[in-house]
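Residues per chain are reported as follows:
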Amino acid sequence: MTQTVETTCPYCGVGCGVLATVDADINAGGKVSISGNPQHPANLGRLCSKGSALGETVDLDGRLLHPEIHGERASWDEALDHVAHGFKQVIEQHGPDAVAFYVSGQLLTEDYYVANKLIKGYIGTANIDTNSRLCMSSSVVGHKRAFGADTVPCSYEDLERAKLIVLVGSNTAWCHPVLYQRIVQAKKDNPDLLIAVIDPRQTATCDLADIHLPIRSGSDATLFNGLLAYLAHDGEINQAYVAQYVEGFEQALSAAQDSSGDLDDVALRCGIELDTLKNFYRLFARTERVITVYSQGINQSSSGSDKVNAIINCHLATGRIGRPGMGPFSFTGQPNAMGGREVGGLANMLAAHMDIENADHRQLVQTFWDSPTLADKPGRKAVDMFNAIADGKIKALWVMATNPVVSMPDADAIKAALKQCELVVVSDCIRNTDTAQLAHVKLPATGWAEKDGTVTNSERRISRQRAFLPAAGEAKGDWWIICQVAKRMGYNGFDYQHPFEIFNEHAALSAYENEGQRDFNIGALGKRDLASYNALQPIQWPVTPERPNGSARMFSDGRYFTPSQKARMLAITPRTPVNAPNNDFPLILNSGRIRDQWHTMTRTGKAARLSEHSPEPYIAIHPEDAARFRIREDQLVSVFSRWGEMIGRARFDQGLRRGDVFAPMHWNEQFASCGRVGAVVNPETDPYSGQPELKHTPVRIAPFDSAWHGFILSRRKLHLHGIRYWARATGNGFYRYELAGDQKENDLPAWVRSYLCSSDNDVKWVELLDKGAHTYRGVRMTGARLESCIFIAPDHALPPRNWLASLFEKEALTQDEKRALLTGKPPAGEIDTGRIVCACFNVGENTILDAIDKHGLKTADEIGKCLNAGTNCGSCVPELKALLQR
Ligand SMILES: Nc1nc2c(c(=O)[nH]1)N[C@H]1C(S)=C(S)[C@@H](COP(=O)(O)OP(=O)(O)OC[C@H]3O[C@@H](n4cnc5c(=O)[nH]c(N)nc54)[C@H](O)[C@@H]3O)O[C@H]1N2
Ligand SMILES: Nc1nc2c(c(=O)[nH]1)N[C@H]1C(S)=C(S)[C@@H](COP(=O)(O)OP(=O)(O)OC[C@H]3O[C@@H](n4cnc5c(=O)[nH]c(N)nc54)[C@H](O)[C@@H]3O)O[C@H]1N2
Ligand code: SF4
Ligand SMILES: [Mo]
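Attention here is on the structure that accompanies the text. (Residues numbered from 1 in each chain as written. Chains lettered and ligands numbered in written order. Predicted model: local features only at pLDDT ≥ 70, side-chain atom pairs only at ≥ 80, totals over all residues. Heavy atoms only, no water.)

Some points on the side chain of Ser259
In this structure, Ser259 sits in helix H10 (residues 249-260). Overall, Ser259 belongs to the buried group, its relative accessible area being 15%. Once residues lying within four places of it in the same chain are set aside, the contact partners of Ser259 are Asn225, Arg269, Ile572 and Pro574. (Helix = DSSP H or I, 4+ residues; strand = E, 2+ residues; numbered from the N terminus. Buried < 20%, exposed > 50% of the residue type's maximum accessible area, 1.4 Å probe, protein only. Contact = heavy atoms within 4.5 Å.)

Below you can see the structure in the form of structure tokens.
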């Protein structure tokens, strides 16, 4: 029976509505097909490459299917008792502050709510922090300082109603692709809409930009302070708005004037041309409807909170907030970054946007929960939490839905801390992650397709995530696991039968004694039964009896949540990043995302079409810097910092500032031998938010000293321990391994067999060895079917992988193909489609170049009409344009 379920994408904070259709029993070969939900207001039917490929990531490969204690399979009873007992024991001996939860913006609101309730209201410590600390915490501080509450003022539709969109530290094209597509469309519909991008790198997002400010890393507060001074000088301050609704204007302005000097000074300190700066300031000054979107280029900084307030200051001073098409707009990263903030999942927050340091709030929450205790001081923030684990102050840790051994800064120290922690519990869907490998207890959580609950996206819109597959193995919902442990620790208050009961409680708490003094209120959404919970339609909070259909925009009445009800402008003094480049570490390492991978790749890494775009960890470097450090394009390089090392392939990028390098955050020990950029990244944090400076680490870079290079394409997953450099990518029907070693192997054929041999007797080897030249080519076949192939050479000049890769889709090779195998090149008459450019429709570079040539194509639109490339998510359009240039 075919059924279609309306659910929400589990990746980014855009929160797209997804239609998932299962055509038959999944265990009997049924397939999942995915499409965008045309009714969902976030995406109106669009999906990006990651969302479109969701159906390819729901298989059971690699899943954690049953609980484990010390690596052995255990029953749920045993595992839950073990966790409850372990935590209780630590608490009895060392007090509640000796335990901690480290959770995630990828939990559903209901999971998050009970985790927070358990630790703050029952265990009695606020030692719960989340990966949102690495993501949104500077924005939270900025909002609370300016508005008195963590409120996002805008809606997505404001993007369509703006005249100027400023994208600061946001690679929207790759990280919020559907919003990027909405902006592309808005610009088509309204050619007056202008786009400014502020990013040290020239990113794919710049493709849409009318103006790009490639500012020096970390100089945003100088830029926006300069803007505030310019607005005042030019008479663009909205005096009436400021007088009535804002406090702190004079102090903020004089701090801005004192710190910025004249325009030449600002341009110099930001490292950009004076004309570019003036153009931007003029544009901002003369456009009433301006939205400033910001993301990790702002937040992940040792001055992230101040950068946020420097931006908000400019909107408050001009009164450009609370009206259509304008406002400061923090794009959230994870699908439920907002939900986590709503339930108070950060160490310094309380449930329902209340404050842990406010005694009235604590009283209110404890009364509502009827709980035995309530943590009365903030807990440890992420970096501090892992330091306390290393120091032995925290002895039991429960990690849920996050992978800190990869994603935390100074990640080798995180690994070391976990190794000596008394009790590490990990709830995950995947059995082997870099973090799960260090767990004493592993608890199998249901994955996206299997779980029910709600998430909140960047525009405060709450959507249902609905299960459409049965739980994998013995996996259980995170809320269930948490409540079971709570009960076994002897706590009442966790007797829920279904997530809708938790949702009702969460909604009721948000409205409890809330006469409008707290922004987060969804009281009118509560009191649901299962049927009405299942029927819940996407809606933007607050949802109250006065606003039963939700709220698109906040602060329209000029009333804020501060004691005076006025918004606050803050006096900002720009600071430079704490760790500056020096002689030993002369370059600045910036890190972030690529188009087709999601974080630590546990899901996107399974999809072939998401892996082709970037099959290896890489380091992007400006060609002039590369020359300075004797690095050739495509060569393997090591990146060193005071904290650690990584290896990746050098990619030349003219769009980088001299002195900056960039590495993606995604690779980890499951996908590469030495690709964790987190090991290199410094653990400096913002003093107010505790958010780490993930975008700025002084590093040194050097060619990786390799004695040989190689690659393997194999139907089976391999274990390549002992090889200095390897990186795995998923292909269609095979895995691709790129290899390099620092020492020559004496007996290549024997060495190859040690990795590739299975006990399979039907397998035939064909090989070609040149001992003197240290080259080897080998192919394994079962009958006419290709099992694996391996190519080794002293340098990286190996045959292209694409044609060989295409052979794994065939059940039998032709004689010509078999003969051509060891050359690595297609026989006459067959073509090589080349590197995949469009992941949605699987269109290769050679196919595109060919079509451009043959049909005289001139625009990306024409390529789309001819090959479909670029017509779904649109993320590859900048690349299509680059190919047209060629
Ligand atoms: N494809 C994909 N999309 C994702 C994710 C993913 O893993 N993959 N993750 C999601 C999550 S959780 C998040 S938080 C978002 C993040 O979304 P983004 O913030 O857009 O992504 P990043 O690549 O981390 O960083 C954005 C940009 O900040 C720039 N930057 C670095 N330093 C500075 C600076 O000093 N000033 C300025 N102005 N810019 C700077 C970087 O060059 C980079 O281009 O993406 C979400 N979407
Ligand atoms: N260098 C550098 N580091 C960074 C960043 C950067 O820009 N540069 N960005 C930071 C940011 S913004 C973020 S958000 C973090 C993200 O970093 P992480 O949160 O560490 O990355 P994920 O891979 O998303 O980890 C989620 C884990 O949860 C599992 N999972 C998925 N769904 C569920 C579920 O429903 N239940 C349970 N229990 N588990 C589940 C997945 O299998 C995976 O192991 O990385 C941060 N680290
Ligand atoms: S933009 Fe892509 S990743 Fe983000 S929610 Fe939509 S489909 Fe998912
Ligand atoms: Mo994030």
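After that view of the structure, there is still more to cover.
Quick notes on the side chain of Lys695
Considering the arrangement of structural elements, one finds Lys695 in the loop between strand S27 (660-664) and strand S28 (697-703). One buried charged side chain, Lys695, makes no salt bridge at all; its nearest oppositely charged neighbour is Asp199, positioned 8.4 Å away. Discounting chain neighbours no more than four positions away, the residues touching Lys695 are Ser217, Gln296, Gly297, Gln300, Ile588, Leu589, Asn590, Ser591, Gly592 and Arg593. (Lys, Arg positive; Asp, Glu negative; His and termini not counted. Salt bridge = Lys/Arg side-chain N within 4 Å of Asp/Glu carboxyl O.)

So, the packing of aromatic side chains
Summed over the entire model, instances satisfying the criterion amount to 29 aromatic pairs. Between Tyr102 and Phe386, the aromatic rings sit 5.2 Å apart at their centres with planes inclined by 85 degrees, giving edge-to-face as the arrangement. Placement of Tyr102 in strand S6 (residues 99-103) and of Phe386 in helix H17 (residues 382-390) is noted, with a sequence separation of 284 residues between them. Note on Tyr102: relative accessible area 0%, which makes it buried. Pairing Phe368 with Tyr512 gives two aromatic rings, centres 5.1 Å apart and planes at 55 degrees, and the pair type is tilted. Here the residue Phe368 occupies a position in helix H16 (residues 359-369), and Tyr512 occupies one in the loop between helix H21 (499-511) and helix H22 (530-534), the gap between them amounting to 144 residues. Given a relative accessible area of 24%, Phe368 falls into the partly exposed group. On the basis of relative accessible area, Tyr512 is assigned to the partly exposed category, the value being 25%. (Phe/Tyr/Trp six-rings, centres within 6.5 Å; stacked < 30°, edge-to-face > 60°.)

A look at empty space enclosed by the protein
This structure, assessed with the given rule, holds four cavities of 30 Å³ or more. Its volume calculated, the second largest cavity comes out at about 540 Å³. As for the second largest cavity, its lining consists of 41 residues, of which Gly169, Gln296, Gly297, Arg593 and Lys695 are closest to the centre. For the lining of the second largest cavity, the secondary-structure elements that each account for two or more residues are helix H6 (172-175), helix H13 (296-299), strand S23 (587-592) and S27. With three residues, S23 is the largest single contributor of residues to the lining of the second largest cavity. A per-class count over the lining of the second largest cavity returns 11 nonpolar, 20 polar and 10 charged. (1 Å grid on protein atoms, 1.4 Å probe; cavity = no way out; pocket = protein on both sides within 12 Å on 5 of 7 lines; lining within 4 Å. Points joined across faces, edges and corners; volume = space filled by probe spheres on them. Nonpolar A, V, L, I, M, F, W, Y, C, P; charged D, E, K, R; others polar.)

Overview of the site of ligand 3
The immediate surroundings of ligand 3 are formed by Cys9, Tyr11, Cys12, Val14, Gly15, Cys16, Leu47, Cys48, Lys50, Gly51, Pro177 and Val178. When contributions to the shell around ligand 3 are tallied by element, the ones reaching two or more residues are helix H1 (49-52) and helix H7 (177-189). Of the residues that constitute the shell around ligand 3, the class distribution is nine nonpolar, two polar and one charged. (Near = heavy atom within 4 Å.)

Focus: the site of ligand 1
Residues in contact with ligand 1 amount to 34 residues; listed here are only the nearest, Asp199, Gly218, Ser295, Arg593 and Gln597. A distance of 3.0 Å is found between an oxygen atom of ligand 1 and a backbone nitrogen or oxygen belonging to His599. Isolated, ligand 1 exposes 910 Å² of accessible area, and the fraction of that covered by the protein chains is 99%. Judged by its atoms lying within 2 Å of the grid points, ligand 1 is housed in the second largest cavity. (Polar contact = N/O pair within 3.5 Å; in protein donor to acceptor, adjacent residues only side chain to side chain. Areas by Shrake-Rupley, 256 points an atom, 1.4 Å probe, with all protein chains shown as cover. Sits in = over half its atoms within 2 Å of the grid points.)

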